[in-house]
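Here are the chains, one letter per residue:
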Protein chains: 2
Amino acid sequence: MRRPTVAVCGLGLVGGSLAFALARRGYTVLGVDRPGPLRKALASGAIARRARLGDALREADVVVLAAPPTANLRLLQRIARRARPELVVTDVTSVKRPIVRAARRLRLRGFVGGHPMAGRERSGFDAGTPDLFRGRPWILTGGGPWAVAAVRGLARATGARPVSMRADEHDRVMARLSHLPQLVAWALLDAARRDPASRRRLGLAGPGFRDMTRLARSPRRLWRDILQANRDEVAGALRDLRAALSERRLWR
Amino acid sequence: MRRPTVAVCGLGLVGGSLAFALARRGYTVLGVDRPGPLRKALASGAIARRARLGDALREADVVVLAAPPTANLRLLQRIARRARPELVVTDVTSVKRPIVRAARRLRLRGFVGGHPMAGRERSGFDAGTPDLFRGRPWILTGGGPWAVAAVRGLARATGARPVSMRADEHDRVMARLSHLPQLVAWALLDAARRDPASRRRLGLAGPGFRDMTRLARSPRRLWRDILQANRDEVAGALRDLRAALSERRLWR
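Overview of the structure. Residue numbering note: each chain is counted from 1, following its sequence as written. The order in which chains are written sets their letters, starting at A; the order in which ligands are written sets their numbers, starting at 1. Residues qualify for local features only when their pLDDT is at least 70, as the model is predicted, and side-chain atom pairs are given and counted only at 80 or more; totals for whole chains, interfaces and linings, by contrast, use all residues. The basis for every side-chain value is the complete set of non-hydrogen atoms in the structure, without hydrogens or water.

**What about the nonpolar core?**
Within soluble globular proteins, side chains that are nonpolar tend to cluster in buried spots. What we call a nonpolar core is a set of buried Ala, Val, Leu, Ile, Met, Phe, Trp, Tyr and Cys residues that are connected through their side-chain atoms within 4.5 Å. A 1.4 Å probe rolled over the protein chains alone gives each residue an accessible area, and that area as a share of the maximum for its type sets the label: buried under 20%, exposed over 50%, partly exposed in between. Among the nonpolar cores identified, the biggest contains 70 residues, and V184 and L241 of chain A together with V184 and L241 of chain B are the most heavily contacted of them. Contact criterion: two residues are considered in contact whenever any of their non-hydrogen atoms come within 4.5 Å of each other. Beyond its immediate chain neighbours, meaning those up to four positions away, V184 of chain A contacts L241 of chain A together with V184, L188, M212 and L245 of chain B.

**Some thoughts on the relation of the copies chain A and chain B**
A residue counts toward the fit only if its pLDDT is at least 70 in both copies, and the copies are then superposed by least squares on the C-alpha atoms of those residues. The transformation that overlays chain A on chain B combines an axial shift of 0.0 Å with a rotation of 180 degrees, and the residual RMSD is 0.0 Å. Here the two chains are linked by the operation of a two-fold rotation axis. Residue M212 of chain A, judged by its C-alpha, is the member of chain A lying nearest the rotation axis, at 2.4 Å. By residue overlap, the copies meet face to face through one surface: 100% of the interface positions of chain A are interface positions in chain B.

**A word on the sheet that holds strand β6 (residues 111-116) of chain B**
Residues and elements named next belong to chain B. DSSP calls a pair of strands paired once it identifies at least 2 bridges connecting them. Helix and strand assignments follow DSSP, with helices taken as H or I runs no shorter than four residues and strands as E runs no shorter than two, numbered in order from the N terminus. If you walk across this open sheet you meet the eight strands as β3-β2-β1-β4-β5-β6-β7-β8, and the pairing is mixed. The open sheet is flanked by β3 (49-50) and β8 (161-164), the only strands paired with a single partner. Fitting a line to C-alpha atoms yields each axis, with helices limited to the stretch in contact; the angle taken between N-to-C directions then spans 0 to 180 degrees. The sheet contacts of helix α1 (residues 13-24) involve β1 (5-9), β2 (28-32), β4 (62-65), β6 and β7 (137-141), and relative to β1 the element is tilted by about 165 degrees. Across the face of the sheet, helix α4 (residues 69-82) comes into contact with β1, β4, β5 (88-91) and β6 while running at roughly 150 degrees to β4.

**Concerning the environment of G15 of chain A**
Residue and element names in this part refer to chain A. Locating G15 in the fold gives a position in helix α1 (residues 13-24). Take G15: its relative accessible area is 1%, and that puts it in the buried class. Taking the C-alpha atoms as reference, G15 lies 14 Å from G36; in sequence the two are 21 residues apart. Residues in contact with G15, not counting those within four places in the same chain, are V8, G10 and A66.

**Things to note about the packing of aromatic side chains**
Put simply, two rings from Phe, Tyr or Trp (the six-membered ring, in Trp's case) pair if the centres are within 6.5 Å, and we call them stacked under 30 degrees between planes, edge-to-face over 60, tilted for the rest. Enumeration over the complete set of coordinates arrives at four aromatic pairs over all chains. Between F20 of chain A and F125 of chain A the ring centres are 5.7 Å apart and the planes differ by 20 degrees, which places this aromatic pair in the stacked class. A residue pair is termed long-range when its members are at least 10 positions apart, and F20 of chain A in helix α1 and F125 of chain A in the loop between β6 (111-116) and β7 (137-141) qualify at 105 residues. By relative accessible area, which is 19% here, F20 of chain A ends up buried. In this structure F125 of chain A comes out as buried when scored by relative accessible area, which is 10%. Any Lys NZ or Arg CZ found within 6 Å of a ring centre and within 35 degrees of that ring's normal is scored as a charge over the ring. Between R220 of chain B and the ring centre of W186 of chain B, over which it is positioned, the NZ or CZ distance is 4.5 Å.

Have a look at this one:
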């Protein structure tokens, strides 16, 4: 079977790593991005060639939206106007209800929501690695059977483990397993820095504190976008955290 | 100079590791504990011999209290009644005001508060290792110059980095760098487990969540003791955390 041609829109940490991983497995990868990342992706062999979105929609079998969340939503609208009916479209956004809802509204039948659960505190093409997804869950939500099969194939090619889930369950679970920890990492660092004595003594922090604030180095702008998109579930997770922190059994 | 004879009371993770580290450096280490840990410490060469507290007070130059916080306070009282004036006494408790205050009340002039900032989620003698303290800060508080010099020497012998600090500053800083992260690790795990969907999907958690809940495996009883002893500062740190979590700039 011919390997599908894949267009990756957005060659940051996730998109760049995906392009790398697929190129290694013999896929033809087209890159859609600004000139800077495109140049790097071409030079490193992560993409076979650069493409404009219009060309990518004609030539690719699968289009992957790997820009930040709100940019992906805008791309989805542009794609919906021009996509061939058999085109498979997927994304890598950490919040799934908004884009799944948008694809339904746009009647984009080839859309499968995706969320590879892999990341790093660093971002951008240079932080990418073809092994980013190895052994990690790649969550899939919605989409017709043919489209899901195509996206599962991509996920598997990167070494990831495809997991099917509804968009609302995904967003609920991620609020607790990913978004709340991110907020808490910032807040822990903030609480330590707010106190002058602790700020002076931050160098004493042990591996426990360092592990718990590592995520605070993640890019804030991207995370604001994610947290904003999932704000109802994140608010619920925060309520649960507050309840857990006020329970006397924890420490009395 | 003759290496001092050191009695270690309590051969758990910290006491056992300390005995190991000192024995390796040629110190004569006496062990004071129940028969189980004593047998293991003797068999492994961490201690030269077992001793009752009374014998240890006669024979040792330095006594290290390495039992849980409240047990250390009780030991301190027993020691104060019988200590030779030149005996150096130190401890490894994670909260410093109560024991420093008790030593002052008991007029134990040879007492130096100590807190080696090293730990693991596991506890007990079997979890110990002579390298536990290598490169880690070992906080010292209070005590006359001769006693401080002796305890600094012990800390250095384990590879730790002695740091002097007042007991109240220590407790304030630890509330934020150590005790609050511990509470938050439990609360994050709790918040995830409270939600049925997230509990079913805990297996999806990535390295971020795992790092942030690693401390939740620490022994609860010991930690209750620590948090209780430092409850005023921990309450202040919790207030700062709540404030940081409610600030809109974090995620809006």
